[in-house]
Amino acid sequence: MRALTRLILSFLFCSLFFLSCTQPDSQKETTIAVIPKGTTHVFWQSVHAGAVKASRELGVKIHWVGPEKEDDRQQQIALIDNQVINAVSGIVVAPLDATALRRTIEAASRKNVPVVIFDSALDNAEEITVSFVATDNLEGGRIAGRNLASMLNGKGKVILLRYAEGSASTEAREAGFLEVLKTFPEIQIVSDEQYAGATTASAQQASENLILRFKDAQGKLAVDGIFTPNESSTYGMLQALRRNQLAGQVKFVGFDASEPLLEGLQQSEIHGLVVQNPFKMGYLGVKTLVQHLRGEQVEKRVDTGVAFVTLENINSPEMQEVIKPDLKQWLE
């Protein structure tokens with residue numbers, strides 16, 4: 001009798017062990033790797049907060065990891081490769097380069113690790129990615145162009161300080177900006193070939209060089225308008241203008257909305273900021289990938305919106321929700 005009991009218990013134990021080892025993937029914890037272009041700028045912290053909100057609502061785990069510098073393509077490639085090796089359920093990534101990362105993301109797709117692209121496009125990516133979640137960057141550039149042209153009454157000299165070669169998001173903004181200004185015959189683009197680089201320090205140096213180039217004999221800036229297409233280039237230009245005691249003396253439109261940039265806007269040193277919704281970007285990036293993993297149909301292109309903030313509308317509830325989301329509840 002005892003032998004029979006032991007035999008039955010042994011059979012039950014083995015059966016339970018077998019079932020636990022062969023449970024379907026759908027019952028395993030879903031882990032999403034979220035890989036931004038960098039981790040230091042406020043923009044990426046907002047993306048992180050949105051991703052955390054989505055992970056809590058959907059009951060999944062996120063692994064937030066990004067390059068130390070926003071121009072380190074090789075580090076971002078290595079991070080993606082590592083997440084594939086770690087067998088994450090999927091990857092949400094903002095490519096540092098529209099071309100350089102394609103092969104790596106294609107390799108992830110071949111290994112059945114689905115990828116959602118956010119913020120910045122990847123060349124010819126539709127067949128190897130789940131979706132593209134981003135601002136309409138071309139339209140964002142157009143908005144900057146239309147508003148700066150209006151501030152200048154349709155005439156004057158303008159500088160465009162570009163961000164970095166290979167960054168699809170900022171290249172689209174720059175293209176949209178130039179597209180609009182070319183429709184104003186009395187606006188002259190006096191410089192559009194200079195790049196700010198990946199850091200605020202390099203952006204400030206590039207801005208100093210431009211200011212030196214366009215200063216007149218009296219020390220005034222011989223241009224009427226400036227556009228910078230991202231957070232770091234805008235902050236670098238702001239600091240350079242301040243250092244040369246020129247802040248507020250030229251119509252200045254930037255991109256993104258960190259605290260220092262909003263402070264510059266409120267002091268009339270910046271005259272308008274094209275703002276994205278990075279919190280929404282992080283949230284929808286994770287949500288879109290999880291929906292795909294759960295067999296739901298998702299859109300190939302998800303537009304996260306764009307707006308233009310000025311001194312006149314900065315305190316409106318709608319604008320405050322975009323530019324000052326509550327990040328502490330998600331990141332602490």
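Scroll up to find the structure this text is about.
Predicted, not measured: the structure shown is a model, and the values here were computed from it.

A. Structural detail: the pairing of strand 9 (residues 251-255). In terms of residue burial, strand 9 counts as a mostly covered element, since four of its five residues are buried. Note that the unit made of strand 8 (residues 225-227), helix 8 (residues 231-243) and strand 9 has a crossover that is right-handed. Both strand 9 and strand 10 (residues 272-275) contribute to a ladder of three bridges, which runs parallel. The residue bridging Val 253 from the neighbouring strand is Gly 272, located in strand 10.

B. Seen up close, the pattern of salt bridges. With the rule as written, the count across this model stands at twelve salt bridges. Residues joined by salt bridges that share partners form a network here, namely Glu 139, Arg 142, Arg 146 and Glu 179.

C. Broad picture of the layout of surface pockets. Taken as a whole, the second largest pocket spans an internal volume of roughly 260 Å³. Contributing to the lining of the second largest pocket are 19 residues, with Val 42, Ser 46, Ala 257, Ile 323 and Pro 325 lying nearest its centre. When residues of the lining of the second largest pocket are traced back to their parent elements, those giving at least two are helix 2 (42-58), helix 9 (259-266), helix 10 (278-293) and helix 11 (317-323). Split by residue class, the lining of the second largest pocket holds eleven nonpolar, four polar and four charged.

D. Quick look at the sheet that holds strand 3 (residues 90-93). The six strands lie next to each other as 2-1-3-4-5-11, forming an open sheet whose pairing is parallel. Each having just a single partner strand, strand 2 (61-64) and strand 11 (301-303) make up the two edges of the open sheet. Put simply, the sheet's adjacent strands are angled 20° from each other on average, direction ignored. Taken together, the three bridges between strand 3 and strand 4 (residues 115-118) define a ladder with parallel strand orientation. Note that in strand 4 the partner of Val 92 across the bridge is Val 116. Set on the sheet, helix 10 makes contact with strand 1 (31-35), strand 2, strand 3, strand 4, strand 5 (131-134) and strand 11; between it and strand 5 the angle comes to about 165°.

E. How the structure looks around helix 10. With 16 residues, helix 10 should cover 22 Å at 1.5 Å per step; its first-to-last C-alpha distance of 23 Å lies within 8% of that length. Every buried residue belonging to helix 10 is among Pro 278, Phe 279, Met 281, Gly 282, Tyr 283, Leu 284, Gly 285, Val 286, Thr 288, Leu 289 and Val 290, and all of these are buried. Taken from the residues just after helix 10, Gly 295 is the one with a positive phi, measuring 85°.

F. Expanded view of the side chain of Gln 276. Mapped onto the fold, Gln 276 is located in the loop between strand 10 and helix 10. Among the polar contacts made by the side chain of Gln 276, one reaches the side chain of Thr 135 at a distance of 2.7 Å. Side-chain polar atoms of Gln 276 contact the side chain of Arg 173, separated by 3.2 Å. Every residue in contact with Gln 276, bar those within four places of it in the chain, is listed here: Phe 43, Asp 119, Thr 135, Asn 137, Arg 173, Phe 255, Asp 256, Met 281, Gly 305 and Val 322.

G. Summary view of the packing of aromatic side chains. This model, assessed by the stated rule, comprises four aromatic pairs. Here Phe 43 and Trp 44 contribute two aromatic rings whose centre-to-centre distance is 4.8 Å and whose plane-to-plane angle is 85°, an arrangement assigned as edge-to-face. Residue classification places Trp 44 among the buried residues on the basis of a relative accessible area of 4%. A ring pair is formed by Phe 177 and Phe 227, whose centres lie 4.5 Å apart and whose planes are at 25°; its orientation type is stacked. In this pair, Phe 177 is assigned in helix 6 (residues 168-181) and Phe 227 in strand 8, connecting sequence segments 50 residues apart. Through pairs of rings, three or more aromatic residues link up here, namely Phe 43, Trp 44 and Phe 118. Cation over ring: Lys 53 sits above Tyr 283, and NZ or CZ is 5.3 Å from the ring centre.

Conventions used here
Residues numbered from 1 in each chain as written. Predicted model: local features only at pLDDT ≥ 70, side-chain atom pairs only at ≥ 80, totals over all residues. Heavy atoms only, no water. Buried < 20%, exposed > 50% of the residue type's maximum accessible area, 1.4 Å probe, protein only. Helix = DSSP H or I, 4+ residues; strand = E, 2+ residues; numbered from the N terminus. Right-handed = clockwise from strand over helix to strand, strands pointing away. Pairing = 2+ DSSP bridges. Salt bridge = Lys/Arg side-chain N within 4 Å of Asp/Glu carboxyl O. 1 Å grid on protein atoms, 1.4 Å probe; cavity = no way out; pocket = protein on both sides within 12 Å on 5 of 7 lines; lining within 4 Å. Points joined across faces, edges and corners; volume = space filled by probe spheres on them. Nonpolar A, V, L, I, M, F, W, Y, C, P; charged D, E, K, R; others polar. Axes fitted to C-alpha atoms, helices over the stretch in contact; angles between N-to-C directions. Contact = heavy atoms within 4.5 Å. Expected span 1.5 Å × (residues − 1). Polar contact = N/O pair within 3.5 Å; in protein donor to acceptor, adjacent residues only side chain to side chain. Phe/Tyr/Trp six-rings, centres within 6.5 Å; stacked < 30°, edge-to-face > 60°. Lys NZ or Arg CZ within 6 Å of the ring centre and 35° of its normal.

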